[in-house]
Amino acid sequence: MTDLTPEDKYSAKPIRIGEVDPHPDKPAGEFISIVVTNDYVNDEYLKIVVDVPDRALTAKAGQFFHLLCPTPDGAEVWMRRPMSIYRVDSENKRLEFLYKKEGRGTQGMAMLEPGDEFNIVGPLGVGFWLEESWKNIVVLGRGVGLATLAPLSQLAAEHNVGVTAILSARNPEVVMSRDLFEGLGANVIEVVDTDDSSNVDNVEKILEGLIADGKADAFFTCGSNRLLTLMKRLGKTHDVAGQVAMEQNMACGLGACYICMRTFEVDGEKTLRRVCRDGPCFNMQEAVGW
Amino acid sequence: MVDLSVKIGDVTLQNPIMPASGAFSWDYGDVIDLNRLGGLVAKTICREPRLGNPTPRMAETEAGIIQSIGLPGKGIDYFLENIVPEYNKWEPPLIVSVSADTAEDFAAMTRDLSVDGVDVIEVNISCPTKAPSGGNFAMHSEHTKMVMDGIRAATDKPVWAKLSPNAGDIVSIAVAAEEAGADAVVLCNTFLSLKIRTDNFRPALGNKFGGLVSPALKPIVMRMVYQVAQECTIPVIGIGGVTKAEDVVEYMLAGASGVGIGYAGFRNPTALTTIIDDLEEWCDERGIKEISELIGAVRDDDIEWDPLVAASHGV
């Protein structure tokens, strides 16, 4: 008896670059991407860039892919890991993901090298949306949550919507997405723990100022429950609409298994929603947090 | 080319591949062509809306995941009005899974679900994580007989009984279901499991106990399918650890007429349709004309029981 390779153990027919796509009209697919680069961008975060088949490029801001991470330790990594898209590079037919090595999935992901195959499913979920009346939006995120918010810079630029991006991090070296937002003309404000500018009171003052200046038709956030709570409160007081991108452990990623539930409150009634299919981007005022 | 169709009682499936209840919804149509599946199996429906169990609902272990969802759903009225039509947009037969706390309500719900658009009623008399008490009739053969008697009287639709691997003697449970008039038995629901976190000493799942989902289940369920198929005349459907076409062949050799797939579809959404393709190829390569030839075709009637003789044979 010979050992089974993963390909022999698990049946799948992912679409490869250059192959005829059997389901060009379906919203999501299972794809084999090819790693271009996978390197640290600072002390904490890595960025992986992968070549993908065309249909994967239809991903919208706030959507995610479900990643089949290789094993970091020889034992099975049973479930895919959901990860929001950092950047869609349509010109070079590439996707970029920004991540931090935390659990076994991301540890395995960090071991991928240029040329390696990486099985990804997507694009999945409900992304961010912009309403006609919004002329200026405020994006507030922390840590790796800023990776999720980064595609908003592109979306806003396409719709001629002004962006103020408040980027929160532990120290100036690990502020994420600054270049993406600045490159597309956003007004960038960095707040960090090292000089205490990231404390909630200070961020609240900044937000109040933006509301007073008419720069906040909508709020967007990801990655911090404290910042979500703050934006929700200010949004309610000043009648500013908002969206939050949520995360949760997932199995199927498609809406079938009901594992990735979060609590929401709609018209005074609490309910559960699937992060994978009802989100991951939700109406901020309905999110209860985590 | 091989004929992949199988008969489960009066129902003909175009191939033996079905999703397992709970691990599937029409949402998979976002990625694969659902019309290729042998059957469409809906998530278990209960009479009243249910939120399901507290999160976390899943945890990884060395040997697979454990999960405890708790049968969330919007209740039977919503199901009939909205979910049945959603599945009816596709061609394969719809297998509706149902659960109830009492034998009376099981019968009543089966009656209520016996409508056009529903092809088979799978009675989930074995959910291990729905509630600490009630619902899991399949732990005892007399409870199984009682609940199945009521269900059988309530409908003319084909009824498949989903059984529990947690029962002490699965064969006696299956025999009880057959005697009560089940058209098929489905082996099995999940294995009751527990994971305790060593970082905070707490159970890893919000509901404490969960069901193991893993390829590791395959040899255990294979044994159950084999044993049940020896004793029952109604068809058996095997669920547990199918990740490739050879696993389907193996279940059929053990006596299964069809299989349900859960984990593989989580890992690779294209798994189910790929397994159908591979199964066809596997049969064609071997000149098998009808896949139903494989059902119960295990060759075990000439086993050499003398260890001295067996040890002189090749492997």
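This one's a predicted model, so the numbers in the text were calculated from it and none came from an experiment.

Attention shifts here to the overall build of chain B. Within chain B one finds nine helices and 14 strands. Radius of gyration (C-alpha) of chain B: 19 Å, near the 20 Å computed for a compact globule of 315 residues. Once the C-alpha set of chain B is aligned to its principal axes, its extents read approximately 60 × 50 × 40 Å. Per-residue burial for chain B yields a buried fraction of 54% across its 315 residues.

When you go through chain A residue by residue, the secondary structure sums to seven helices and 16 strands. Relative to a compact globule of 290 residues, whose C-alpha radius of gyration would be 19 Å, chain A shows 19 Å and is just as compact. Summarising its shape, the C-alpha atoms of chain A cover approximately 70 × 40 × 35 Å along the three principal directions. Looking at the 290 residues of chain A, the share that counts as buried comes to 45%.

With that settled, the discussion passes to the interface of chain A and chain B. Every contact between the two is made by 27 residues of chain A and, on the other side, 33 residues of chain B. Of the residues assigned to the side of chain A that touches chain B, the class counts are 18 nonpolar, four polar and five charged.

Moving on, we get to the domain arrangement of chain A. Residue and element names in this part refer to chain A. Taken domain by domain, chain A comprises domain 1 (27-124) and domain 2 (136-286). For domain 1 and domain 2, the distance between their C-alpha centroids amounts to 22 Å. Contacts between the two partners involve 21 residues from domain 1 and, on the opposite side, 19 residues from domain 2. Of all elements in the fold, only β4 (64-67), β5 (81-84), β6 (87-89), β7 (94-100) and β8 (117-124) reach the threshold of two or more residues within the side of domain 1 that touches domain 2. Its residues placed into classes, the side of domain 1 that touches domain 2 shows 12 nonpolar, four polar and five charged.

Moving on, we get to the sheet that holds strand β9 (residues 159-162) of chain B. All names here are of chain B. Pairing is parallel in the open sheet, where eight strands are placed in the order β3-β14-β13-β10-β9-β8-β7-β4. One side of each edge strand has no neighbouring strand; the edge strands of this open sheet are β3 (17-19) and β4 (40-41). Pairing analysis gives four bridges linking strand β13 (residues 236-239) to strand β14 (residues 256-261), with the strands arranged parallel. Looking at β14, one finds that Val236 is bridged to Ala256. Here helix α6 (residues 245-254) sits on the sheet and contacts β3, β13 and β14; the angle it forms with β14, its principal contact strand, is near 140 degrees.

Residues and elements named next belong to chain A. Position of Val240 among the secondary structure elements: in the loop between α7 (225-238) and β13 (241-245). Accessibility expressed as a C-beta count within 10 Å gives 22 for Val240, which makes it buried. As a C-alpha pair, Val240 and Asp217 span 23 residues in sequence and 6.0 Å in three-dimensional space. If we skip the residues at most four places from it in the chain, Val240 touches Ile211, Ala216, Ala218, Phe219, Leu234 and Gly235.

Think of a sheet as strands paired side by side through backbone hydrogen bonds, with each pair either parallel or antiparallel. All names here are of chain A. The strand order across the open sheet formed by six strands is β11-β10-β9-β12-β13-β16, and the pairing between neighbours is mixed. On the outer flanks of this sheet lie β11 (187-192) and β16 (281-283), each paired with one strand and no other. This sheet shows a mean twist of 20 degrees between the axes of neighbouring strands, independent of strand direction. Here strand β12 (residues 218-222) pairs with β13 via five bridges, running parallel. Across the sheet, the residue bridging to Thr221 is Val244, located in β13. Here α7 sits on the sheet in contact with β9 (136-142), β10 (162-169), β12 and β13, set at roughly 165 degrees to β12.

The next point concerns the environment of Ile206 of chain A. All names here are of chain A. Turning to its location among the elements, Ile206 is positioned in helix α6 (residues 200-212). Residue class for Ile206 comes out partly exposed when judged on the 16 C-beta atoms lying within 10 Å of it. A C-alpha to C-alpha distance of 35 Å links Ile206 and Asn38, two positions 168 residues apart in sequence.

Among the nonpolar cores identified, the biggest contains 190 residues, and Ala161, Leu163, Val185, Leu187 and Val225 of chain B are the most heavily contacted of them. Both domain 1 (27-124) and domain 2 (136-286) of chain A contribute no fewer than three residues apiece to this core. Those residues in contact with Ala161 of chain B that sit more than four places away from it in its chain are Val123, Ile125, Met148, Ala177, Ala182, Val185 and Val186 of chain B.

Once that is clear, we can look at the packing of helix α4 (residues 170-179) of chain B against helix α5 (residues 218-231) of chain B. Residue and element names in this part refer to chain B. Where α4 meets α5, the axes come as close as 9 Å, and the angle between the chain directions of the two elements is 45 degrees. Judged on the interaxial angle alone, α5 and α4 are oblique. Here α4 runs over α5; the crossing is right-handed. On α5, the residues that touch Ile170, Val171, Ala174 and Val175 of α4 are Met224, Gln227, Val228 and Glu231.

Reading the values: rules and limits
Residues numbered from 1 in each chain as written. Chains lettered and ligands numbered in written order. Predicted model: local features only at pLDDT ≥ 70, side-chain atom pairs only at ≥ 80, totals over all residues. Helix = DSSP H or I, 4+ residues; strand = E, 2+ residues; numbered from the N terminus. Rg over C-alpha atoms; globule rule 2.2 N^0.38 Å. Buried ≥ 20, exposed ≤ 12 C-beta atoms within 10 Å, placed from the backbone. Contact = placed C-beta atoms within 7 Å. Nonpolar A, V, L, I, M, F, W, Y, C, P; charged D, E, K, R; others polar. Domains from an automatic or database assignment. Pairing = 2+ DSSP bridges. Axes fitted to C-alpha atoms, helices over the stretch in contact; angles between N-to-C directions. Core = buried A, V, L, I, M, F, W, Y, C linked by C-beta atoms within 7 Å. Parallel < 35°, antiparallel > 145°, perpendicular 65-115°, else oblique. Left-handed = near helix turned anticlockwise from the far one by under 90°.

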